[in-house]
Structures are given as structure tokens and as C-alpha cells.
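# A look at the structure
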Amino acid sequence: MDKFIRIDGLAVPLDRANVDTDAIIPKQFLKSIKRTGFGPNLFDEWRYLDHGEPGMDNSKRPLNSNFVLNQPRYLGAQILLARENFGCGSSREHAPWALDDYGFRAIIAPSFADIFCNNCFKNGLLPIVLDTASVDELFRSVTATPGYHLEIDLEQQRITTPNGSVYHFEVDAFRKNCLLNGLDDIGLTLQHVQEIKEYEARRKPEVPWLFKES
Amino acid sequence: MSTQTLYDKLWNSHVVHKEPDGTTLIYIDRHLVHEVTSPQAFEGLRLAGRKPWRIASMLAVADHNVPTTDRTHGITDPISRLQVDTLDDNCDELGITEFRMSDVRQGIVHVIGPEQGATLPGMTVVCGDSHTSTHGAFAALAFGIGTSEVEHVMATQCLLMKKARAMQVLMEGALGKGVTAKDLVLAVIGKIGTAGGTGYAIEFAGSAIRALSMEGRMTVCNMAIEAGARAGMIAADDTTISYLKGRPFAPQGELWDKATDYWRTLHSDEGAQFDKVVRLDAAEIKPQVTWGTSPEMVVAVDGNIPDPTRESDPVKRSSINLSLKYMGLQPNTPITAIQIDKVFIGSCTNARIEDLRAAAEVVRGKHVAANVKLAMAVPGSGLVKQQAEREGLDKVFIEAGFEWREPGCSMCLAMNADKLEPGERCASTSNRNFEGRQGPGGRTHLVSPEMAAAAAIAGHFVDVRNF
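A brief look at the structure comes next. (Residues numbered from 1 in each chain as written. Chains lettered and ligands numbered in written order. Predicted model: local features only at pLDDT ≥ 70, side-chain atom pairs only at ≥ 80, totals over all residues. Heavy atoms only, no water.)

This part takes up the overall build of chain A. When helices and strands are tallied, chain A shows 8 helices and 7 strands. C-alpha extents for chain A along the principal axes are approximately 65 × 45 × 25 Å. The buried share among the 214 residues of chain A stands at 57%. In chain A, of all internal contacts separated by at least 6 residues, the share reaching a separation of at least 24 is 64%. As displayed, chain A has an accessible area near 8,700 Å², and 50% of this comes from carbon and sulfur atoms. Side-chain charges of chain A comprise 24 positive and 30 negative groups, with the mean position of each set lying 4 Å from the other. (Helix = DSSP H or I, 4+ residues; strand = E, 2+ residues; numbered from the N terminus. Buried < 20%, exposed > 50% of the residue type's maximum accessible area, 1.4 Å probe, protein only. Contact = heavy atoms within 4.5 Å. Areas by Shrake-Rupley, 256 points an atom, 1.4 Å probe, with all protein chains shown as cover. Lys, Arg positive; Asp, Glu negative; His and termini not counted. Charge placed at Lys NZ, Arg CZ, Asp CG, Glu CD.)

We now examine the sheet that holds strand β10 (residues 200-205) of chain B. Residue and element names in this part refer to chain B. Within the open sheet, the 4 strands sit side by side as β11-β10-β9-β12. Their pairing is parallel. Two strands close off the open sheet at either side, each with one partner strand: β11 (231-233) and β12 (276-281). This sheet shows a mean twist of 20° between the axes of neighbouring strands, independent of strand direction. Taken together, the 6 bridges between strand β9 (residues 165-172) and β10 define a ladder with parallel strand orientation. By the bridge assignment, valine 169 is partnered in β10 with phenylalanine 204. (Pairing = 2+ DSSP bridges. Axes fitted to C-alpha atoms, helices over the stretch in contact; angles between N-to-C directions.)

Core analysis: the largest hydrophobic core is formed by 114 residues, its most contacted members being Phe43, Phe86, Leu99 and Leu126 of chain A together with Phe397 and Phe402 of chain B. For this core, the element with the most residues is helix α15 (residues 449-458) of chain B, which contributes 7 residues. Filtering out sequence-adjacent residues up to four positions away, phenylalanine 402 of chain B remains in contact with Val343, Ile345, Val363, Val368, Ala375, Met376, Ala377, Phe397 and Ala456 of chain B. Leu210 of chain A together with Leu159, Cys221 and Tyr243 of chain B belong to the second largest nonpolar core, which has 109 residues in total. (Core = buried A, V, L, I, M, F, W, Y, C linked by side-chain atoms within 4.5 Å.)

On to the packing of helix α12 (residues 353-363) of chain B against helix α13 (residues 382-390) of chain B, then. Residues and elements named next belong to chain B. Running from amino to carboxyl end, α12 crosses α13 at an angle of 40°, the nearest separation of the two axes being 9 Å. Viewed along their axes, α12 and α13 adopt a mutual orientation that is oblique. For the element pair α12 and α13, the recorded crossing hand is right-handed. Residues Ile353, Leu356 and Arg357 of α12 form the contact with α13, whose own contacting residues are Val384, Gln387 and Ala388. (Parallel < 35°, antiparallel > 145°, perpendicular 65-115°, else oblique. Left-handed = near helix turned anticlockwise from the far one by under 90°.)

What follows is the structure in C-alpha cells.
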């Protein structure tokens, strides 16, 4: 997993509540058996005027110029500013894969759906929760100021705006450490192999029907 | 320990290791696998040179991509076929039990797990699918995971997580005639919102829940995720135990007796403390219909489409406006005035035998309205289909003008050929009314099987209580 330490990136505002994972990456793209290549189909139904299917040349498709990601001033954005309950719906990890593949490194919102939030951390994407009033402020600033960059410092848990104002955010200490060091969860868990085996040995006589071998 | 909630009991019995900050390694008893969220996990495992920790904990089935029409020639869409073939190959290579498309036991993963007795009380159950919350109906701790976690469970039999807060949704009272488990859970979502359960594990309790069949309880827990909660659960009781008796993966003989003794302890203790309690009077709940593009946008069938000018919160008002535009609806329209184009009875929410029986009773001897272009009944599994056919329900549906299909996820998420065309409006027994969920530009109204069936006959929504 890529490390996340500090970024300075362009922010783009997606002004909708309850953005679901079907909107982030529509189901026809879930047929892929790979982890990469979802970026061109991020927000496919909002981003393009035609209907997208896997295998199309996305560079030739008609863009919806009203959709915020298509506005020239937001090209190359790395920080997505969103509303409450972002990422609700299905558990598809294709959603963070698509955001990551597009180039996003962080998402700021008043709240995230649980599974989506978890999936982000597994892919080096930082979901940041700020209170609604702060998110409102950022929406106003981003919209009013072309080229609005934010600096996100994970170590310090701090977002700094171009005029120097600062927002502090909370992040789970374990997840923070994994992101800062690019640690792989499986590798960490496998340090506990002995405890897993001991658990099984202890649990098996209590509930033997859960340990049937076929 | 003094009094514990059901969630405490399930959590505590699966702790392998706990860090001082609360990050916990939780042991997973059952890992259900389907074709969409597993290929990258199998690939990751292979690239790292790892093997699954406990093959016997896994049960695999293809459900999202499978055709619901004649399957004798396989899957025609080459991309869907590759995904299903990849699952078959991975299961063959590693010796994982899989119900292939030609197997009568094949079906939607959340229907076949319980049907086979592969979901049992006291288990932790995971699957790379958010509707894994369904299995909590059996007093199991069941939740959806992403593909990285699928790989993590394969490699270690564990997951790293922090304990959620506990919410109790208490529903006392008897459900009125024509009011179902689906209406109960839609009413809960309407009350607490789609983020109301975020960060919580929800236990559904009260006399209305105890009175439900296992099928009804599964419908309720299935949609816990639509209330934002990864896990929903219900205490084990006689209903749970009699459902499981004799199922292929359930314990037998002496083990059955030992198991049932344990299962009877799987309830919240008297006086157990929850972080939040939500109460609903079950007797007050009417049949529910969603009108928007989020499951919380729901009203009773005798209600109207809301008027955004009466909403003071600007973010909510904007959501209502966007939804009404997408749905092609006008404020203040009575729900019963909404005409429909298609009807879908199926999905992991409502494709079990009881759902099909209830819908069949509504359409028996009647015919689908002329304006309804397609009405389909899609059983949740091959065994549900077989049972329904033994009872003659297939004929009831077909004579009423429905199509009777092969089992799978079908038009719940339209990954196969079953989908809405742009602008088409559907009465659907599924779980999500998101934009494009049932096909690009499609408009979904979530309802119970009885309400979907009645809408098929009338051509518009009707109050099934007076139908």
C-alpha cells in the first residue's frame, strides 16, 4: 500500500449528500477481475452524457460539462470535498479503487459509510471527517477560489488552507500508523499466528460444529 | 461480566487479540464468497504466496452475474462469463465448496447460506457484500467486507476491527394485515435515516420481531446496512432453532443438542445497556413505498410525495429536488397515483419462499395491468424455485402474466441482462433505490412483495390492505 504522509492538492467540491457506491462506480464496471483501471469510469453516469460500458474508449465519450469533475478549474484534483454519508451502499472496493485510480488521495466529508471508510484506509486513501460547519466553510472557499489547494498533514492531523487557517481532524491511531508507514494488514495480522491457533484450540471444544472439516 | 447485549456476547466470543487502543483481531467462522468481490482477493493471495487459512469455512456461489433465463448455453456476456469462470477456477484450485450455476443449490449468497444451515447462531459471518447483515437474523455477527478484507480473512481467518456501538431497535405490537417485515425495516430507515446506524451494530427486538418467521427476520436484518449499520441481529429462539433443524450444514445428533443449548443463550440479557435505543410502534406501521433515490426517502402508501419547499435544511432540500427530478415526480402527488412500468419480485431481501407465497396470493386469478411491460418473479435459490414449483406458485405467477425466472441477484443491481431502460419505473422488492441501480436512468420504488404484486395487477401503487 502507498504511504500517506502529507499532500498538497487541488480540492473539488461534490455538493450532494448520500453519494452511494453505485454512483461512484456503476455496476457494469464491477465485472473486471482486476484492481486497476477504474478511474476513467469514476462517477460514470454523472460524468458522461452517454451510457458507459466496459471496454469503451472513454476519451471519445461525450462529457457532461455541468459535472464538477469536468470543469477545467478542477482538473487534476486530489482532494474530494463531499457531503454527509459519502460512500453509502454496497461494499464494493471498486469505489475506492476508482477514486484512487482517478488521482484522489483524500476525501473530506461530515460522515462516511462504515464499509467504504474501511475500504479507503486499505487503499491508501484518507477519509477525513470534519464537522458540518467546517465542511460548509470549505465548500464556500473552494467554490469561490479557483485553484484552491489544501495541505493535508496526516502526522499532525491537520488541514491548512491557502490563507493559513487550520482544521484539525481525528483519525484512528492504528489506521494512521498503517497509512504513514504503508503497512499491509495481512502482514500485521500474521504476526499473531500463534494467538489465532490458540484461539482455535480453545474454541473448538466449546463449539465443535463450527470446525467441521467439510 | 454482568449483563451483556447479544452483540457483546458475539463479539467477546471471537476476540483473538486486542490492542490497547481497542483494535481487535476477530475470528471469522464462515466466509461466503461470490464472483464479483473475490477475484482480486484470490489474485492477491496467490501473488503473496499465501494459502487460505481454513478452506472449510468458505462457501462460494456465483449470483450477481448469472442469467435468470435459460442457462443451458451458459453466460453470453463474455465479461460476466470470465468473472464466473474465474470463481469456478479459484474454487477448483483451492478445493473450496462451490455451488455451480447448474447446481440446484445455487442462488443468491444470502439466501443459500441460511437455507443450507451454513449460517448458524453464534457465528461470525462475512462476505464481500454489504447485505451480509442478513445472516444476523440467526443471532450471528454478520457483516459485509471489502475485497482487501476478503483476502485478509482468506489468509488469516481473522479481521482487524474496532467494536461498534450497540443500538437496539425495539418494535413492540402486532403488525396489521398486509404489513410485512419489509415495511418494518423501511419504517426504521425512514425514522433513523440511511446514516442513522453508522458506527452501530443494530439489534432488532420486541414482540413484532419475535413474531416474524426467519424469512421475515432476514428481510429486516438484510436492510440494516441501508440504515447505515454494517451488522443487524436478532436473538435466537425456537423459531431460529426449528428453521435450522435438519439443514445440510447444521449440526446433528448430540452436537445438535449441545449447539441448541448454546444458541438459547444468544440474546441480550435482561437490563443490558445499549448506546442508543430506538422505539417504533409496530401496530402503527403501514405499507411503505420509497419515492426517492435513497432508502430513507420513504412514506406510507396513503401518503404523498414530499414538497421540498417545506424542507428548511438546504442540503436536504437539494437532495429532495435532485431525487424528484431523477424520479420524474411532482411534489404532493399521492403515492397511489404513481404508475409503474415494471415489477421485480426477488433479491436477497425478498426472494425466499414466504415472499413468493405472499406475492402469489395477491396475483392469484388476476392479471398484470396492460401498462406493465414486464413483471418478473426471481426465486432466491434453486431450492426456493423447486419448492415454489411444488406448491404451484410458478403457475400462479405465469397465469397472472409474470415471468418465472432462474435464481440470482437479477434486477436488484442489474449486473446481468435484467435491467430497467432509462425512465422506466419499477415496483421492486429489492433494497436500493439509488440512481441507476436497476439500470441507467431507471426509477426504483422499494416495496414489500405483496405491495409489488398488487402494483403489478393495478398498474400503479395501491394499498394492499384494501386490495
